[in-house]
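Here are the chains, one letter per residue:
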Amino acid sequence: MSCDRDSVGLTPVAQRPFELGARGDALSLEGRVALVTGASGGLGRAVVAELRGRGAAVYGADIAGEGVFRADLSTASGNREMVAHVLESAGRLDILALNAGTQFLAPLDQFPDAEWDRLRMVMLDGPFFALKAAWPALTTSPGGRVVVTASPASFGGGNQKVGYAAAKHGVLGLVRTAALEGATLGLTVNAIAPGWMDTGLMRGQVEARALKAGLTVEEVVAGFRAAQPGDRFIEVAEVAAVVGFLASPAASAVNGVCIPIDLGASACA
Ligand SMILES: NC(=O)c1ccc[n+]([C@@H]2O[C@H](COP(=O)([O-])OP(=O)(O)OC[C@H]3O[C@@H](n4cnc5c(N)ncnc54)[C@H](O)[C@@H]3O)[C@@H](O)[C@H]2O)c1
C-alpha cells in the first residue's frame, strides 16, 4: 500500500517488522548508534541520557556546549559534517534525533527577514540536510529510526511566532514524506510535540513576554504552567522517554505520526 500512489513506487528491500536489540529486549538500544542534535540544550541532554540508558552509543551535536560535535546545524555543510563524523567514528548510524531549536518573537509585520530565515534554517532546513546525509546509513540499519522534535506550533499558529510556527509546520511535511519513502526501506520517521518544558528556549520566551506585558518572570511562568492540564511543566525526561520508545524495536510499526506529549492540552476542544 502506498499513500501517494503516483510518486515513489519503491520496491521493498527489507521486511523488518520487529528486530530486537542485542539484549533481546524490545526497548533495548544496545548495539545501536544514535545521533542527537541540540544535544547541549534542555531536552537534547535528556534525550542523550535516555538513549544511553537504553544501551545506545550516542553522539551529540550542537552549535554550543561541551562534549558535543560542534557545528552550525542551520547549514547544509554543518549537517553533512556532523553525519560524516559519526559514520567515520562509529561506522554506522541507526537513530537520528533531530532536536535543535530556537525562537524569536515579533509581530508578523515587524518580524525581521533574517530571523525568519534563521528559524527556518535551524528547524526545517537543518533536519532536511541531516536526514538526507544520513539516509543511506539509516536505510541499511536493521532498525533505522528518526525522531524529529516538532511542537504544538506544528498544528496551530502562535501570537508573534510566525517564524517558529511556519518552520514547525514544515517539519511535519518532512516527517510524513520521509516516513512514506522510508517505510519500504525498514526506516521509521516520527515526530514529537511536547508542551511547555522549562528549558532555555522556554525561558527566553518568558523574558520576552514579561518585558512586553510589564509582568514579572514569575507571573509569566505561572501563566505558561497554568496553560497545561495539571498546572505544571513537562519534565524533559518525560519527553525523552517517548523518544526512547520511538527509537526502539518496540515502535517498529509506528511511522509518520506526531505524538503530543502535553499532559492532555491537545485534547481540549
Ligand atoms: N521548551 C519547550 O517548551 C518546547 C516545547 C515544544 C518544542 N520544543 C522544541 O524542543 C527542542 C529542544 O529545545 P529545548 O526546549 O531543549 O531548548 P534549548 O534552548 O535548551 O535547546 C535547543 C538547543 O538547540 C541548539 N541550537 C540552536 N541553534 C542551533 C544551530 N544553528 N546549530 C546547532 N544547534 C543549535 C542550542 O544551542 C540548544 O542547545 C527544540 O526543537 C524546540 O523547538 C521546546
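Predicted, not measured: the structure shown is a model, and the values here were computed from it.

## A closer look at the environment of Asp198
- You can see Asp198 is positioned in the loop between β6 (187-194) and α5 (200-213).
- Owing to 17 C-beta atoms within 10 Å, Asp198 belongs among the partly exposed residues under this scheme.
- Each C-alpha atom, one on Asp198 and one on Val236, is 8.0 Å from the other, the two residues being 38 residues apart in sequence.

## Quick notes on the confidence of the model for the chain
- On average, residues of the chain score 92 in pLDDT, and 91% of them are at 70 or above.
- Counting interchain partners and residues more than four positions distant, the pLDDT-below-50 stretch residues 5-15 has nine contacts.

## A word on the packing of helix α2 (residues 76-90) against helix α3 (residues 113-138)
- Orientation of α2 relative to α3, taken along the N-to-C sense of each, is 30°, at an axis distance of 8 Å. Taken together, the axis directions place α2 and α3 in an arrangement best described as roughly parallel. Seen along the crossing, α2 lies across α3 with a hand that is right-handed. Taking contact as the criterion, the partners of Ala76, Asn79, Arg80, Met82, Val83 and Leu87 in α2 are, on α3, Gly126, Phe129, Ala130, Ala133, Ala134 and Ala137.
- Each residue belonging to the contact of α2 with α3 can be placed in one class, and the counts come to nine nonpolar, two polar and one charged.

What counts and what doesn't
- Residues numbered from 1 in each chain as written.
- Predicted model: local features only at pLDDT ≥ 70, side-chain atom pairs only at ≥ 80, totals over all residues.
- Helix = DSSP H or I, 4+ residues; strand = E, 2+ residues; numbered from the N terminus.
- Buried ≥ 20, exposed ≤ 12 C-beta atoms within 10 Å, placed from the backbone.
- pLDDT = per-residue confidence, 0-100.
- Contact = placed C-beta atoms within 7 Å.
- Axes fitted to C-alpha atoms, helices over the stretch in contact; angles between N-to-C directions.
- Parallel < 35°, antiparallel > 145°, perpendicular 65-115°, else oblique.
- Left-handed = near helix turned anticlockwise from the far one by under 90°.
- Nonpolar A, V, L, I, M, F, W, Y, C, P; charged D, E, K, R; others polar.

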